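# Chain and residue survey
Below, each chain spelled out in residue letters.
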Amino acid sequence: MMKSYQNFSEDIEQRRQAMKQRSREHLQKFKSKTVGAQQERQSASDDRENMKREIKKELKQDSK
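Notes on the structure follow.

Thresholds applied
Residues numbered from 1 in each chain as written. Predicted model: local features only at pLDDT ≥ 70, side-chain atom pairs only at ≥ 80, totals over all residues. Heavy atoms only, no water. Helix = DSSP H or I, 4+ residues; strand = E, 2+ residues; numbered from the N terminus. Rg over C-alpha atoms; globule rule 2.2 N^0.38 Å. Buried < 20%, exposed > 50% of the residue type's maximum accessible area, 1.4 Å probe, protein only. Lys, Arg positive; Asp, Glu negative; His and termini not counted. Charge placed at Lys NZ, Arg CZ, Asp CG, Glu CD. Patch = residues over 30% accessible without salt bridge, like charges linked within 9 Å, V, L, I, M, F, W, Y side chains within 5 Å. Areas by Shrake-Rupley, 256 points an atom, 1.4 Å probe, with all protein chains shown as cover. Salt bridge = Lys/Arg side-chain N within 4 Å of Asp/Glu carboxyl O.

Looking only at helices and strands, the protein chain features one helix and zero strands. Taking 2.2 N^0.38 as the reference for a compact globule, 64 residues should give roughly 11 Å; the C-alpha atoms of the protein chain span a radius of gyration of 27 Å, well beyond that estimate. For the protein chain, the proportion of its 64 residues judged to be buried stands at 0%. A gap of 5 Å separates the mean positions of the 17 positive and 11 negative side-chain charges of the protein chain.

Structure follows, in structure tokens:
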């Protein structure tokens, strides 16, 4: 059965909208992963710096 031009155009438009929505969802997911990874790296870096300070502080106290 042949689709009419109207049905064909509607199908294409629906597919375009679905693709746009998927694209938005993928972009949002990527952004959240990227931001989350940055925050985790920063947190890990902050934790390392705090640990270094604590160790240096303890070493100074032990050497007195």
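With that settled, consider a nonpolar patch on the surface. A contiguous nonpolar surface patch, about 300 Å² in accessible area, is contributed by Met51, Ile55 and Leu59. Mapped onto the secondary structure, Leu59 falls in helix H1 (residues 5–63). Judged by relative accessible area, which is 54%, Leu59 ranks as exposed.

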